[in-house]
Amino acid sequence: EGGKEGLAAKKGAIKKAYKTLNDLYQAGDAVWKVYAFENEMTRYRKALPDMPQGELEEMVANIIKDTYPTYSRVSKGVKAFGKSPFVGTFVNFPAEVIRTSYNTMRIASLEMKDPRTRDIGKKRIAGISTAIAATAYMIPAIGRMLSGVSDDDDKNIRRFLPEWSKNSPLFPFGFNKTKSDVTFAYVDLGSQMPHAYLVKPFNALMSGRGDLYESF
């Protein structure tokens with residue numbers, strides 16, 4: 001009896017801790033969305049001063065839902081795909097990165113067509129372009145420069161990395177090469193930066209390393 005009660009108490013504590021962590025994660029996610037909503041409202045109030053407040057809020061809310069990860073919008077097909085034993089355990093996040101990136105460019109293109117919102121569209125395109133460029137080129141280049149890793153070294157090192165890192169943007173922070181040995185320490189940005197999911201297939205295509213499926 002005592003053993004069962006103790007086990008039940010432990011399970012209850014674990015569930016409570018999990019719920020607390022999940023609530024904290026969702027709260028942090030909501031804070032960024034609230035900030036983004038207010039920022040979009042400020043921009044659109046200036047661009048469309050004659051639009052009724054209710055319509056403006058609804059439009060901006062849809063922009064936030066379309067451009068920020070919202071897991072309730074993950075399709076049933078993607079969720080079913082994630083249950084397959086042949087794919088990764090968490091496909092919702094990369095699916096949302098692809099969906100929000102596409103929507104960001106789609107919304108920006110519509111904004112660019114309207115003279116009133118053209119500046120908003122320009123800033124939106126600049127934002128996502130900078131994020132992707134930083135993931136793909138800027139941050140890895142800074143790491144290579146600080147660590148003394150040449151382009152040839154980078155190509156050779158990737159031959160010995162695990163499959164999930166071969167096409168990732170890497171930030172090297174330790175590199176030592178002698179005639180008989182090479183030591184290399186790095187951070188795989190593929191697990192740290194959301195737009196890496198867009199960069200990895202491009203790296204695979206340009207380098208010829210592996211196939212596109214393996215790059216995700």
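Nothing here was measured: the structure is a model prediction, and the numbers come from that model.

Visitor: Quick one: what's the story with the nonpolar core, residue by residue and with numbers?
Guide: One recurring pattern in soluble globular proteins is that nonpolar side chains are buried together. Of all hydrophobic cores here, the largest spans 11 residues; its members are Ala 36, Met 41, Tyr 44, Ala 47, Leu 48, Leu 56, Val 60, Ile 63, Ile 64, Ile 107 and Ile 120. If you list the elements that add at least two residues to this core, you get helix H1 (2-47) and helix H2 (53-67). Sequence-distant contacts of Ile 120, that is, excluding residues within four places in its chain, are made with Arg 43, Tyr 44, Ala 47 and Glu 111. Within the second largest apolar cluster, 5 residues are counted, among which are Val 149, Ile 157, Leu 161 and Leu 170.

Visitor: Let's hear about helix H5 (residues 118-147): which residues, and what values?
Guide: With 30 residues, H5 should cover 44 Å at 1.5 Å per step; its first-to-last C-alpha distance of 41 Å lies within 8% of that length. Of all bends in H5, the biggest is about 55°, found at Ala 134. Considered for burial, the residues of H5 that qualify are Ile 120, Gly 121, Arg 124, Ile 128, Ala 134, Thr 135, Ala 136, Pro 140, Gly 143 and Ser 147.

Visitor: Pulling in residues and values, what's your account of helix H4 (residues 92-113)?
Guide: With 22 residues, H4 ought to run about 32 Å at 1.5 Å a step, and its terminal C-alpha atoms sit 32 Å apart, in line with that. Buried within H4 we find Asn 92, Pro 94, Glu 96, Val 97, Arg 99, Thr 100, Ser 101, Asn 103, Thr 104, Ile 107, Ala 108 and Glu 111.

Visitor: If you had to explain the packing of aromatic side chains to someone new, which residues and values would you point to?
Guide: If you walk through the whole model with that rule in mind, you get 1 aromatic pair. Where Phe 184 meets Tyr 186, the ring centres are 5.3 Å apart and the plane angle is 20°; that geometry is what we call stacked. Phe 184 gets classed as partly exposed once you look at its relative accessible area, which sits at 22%.

Visitor: Go over the confidence of the model for the protein with me, naming the residues and quoting the values.
Guide: Looking at the protein, pLDDT values average 78 and 74% of them are 70 or higher. Across the protein, element-level confidence peaks in H2 with a mean pLDDT of 94 and bottoms out in helix H8 (residues 212-215) with 43. Predicted confidence for residues 211-216 stays below pLDDT 50, and this span has 14 contacts to residues more than four positions away or in other chains.

About the thresholds
- Residues numbered from 1 in each chain as written.
- Predicted model: local features only at pLDDT ≥ 70, side-chain atom pairs only at ≥ 80, totals over all residues.
- Heavy atoms only, no water.
- Core = buried A, V, L, I, M, F, W, Y, C linked by side-chain atoms within 4.5 Å.
- Buried < 20%, exposed > 50% of the residue type's maximum accessible area, 1.4 Å probe, protein only.
- Helix = DSSP H or I, 4+ residues; strand = E, 2+ residues; numbered from the N terminus.
- Contact = heavy atoms within 4.5 Å.
- Expected span 1.5 Å × (residues − 1).
- Bend = angle between axes of the 7 residues up to and from the residue.
- Phe/Tyr/Trp six-rings, centres within 6.5 Å; stacked < 30°, edge-to-face > 60°.
- pLDDT = per-residue confidence, 0-100.

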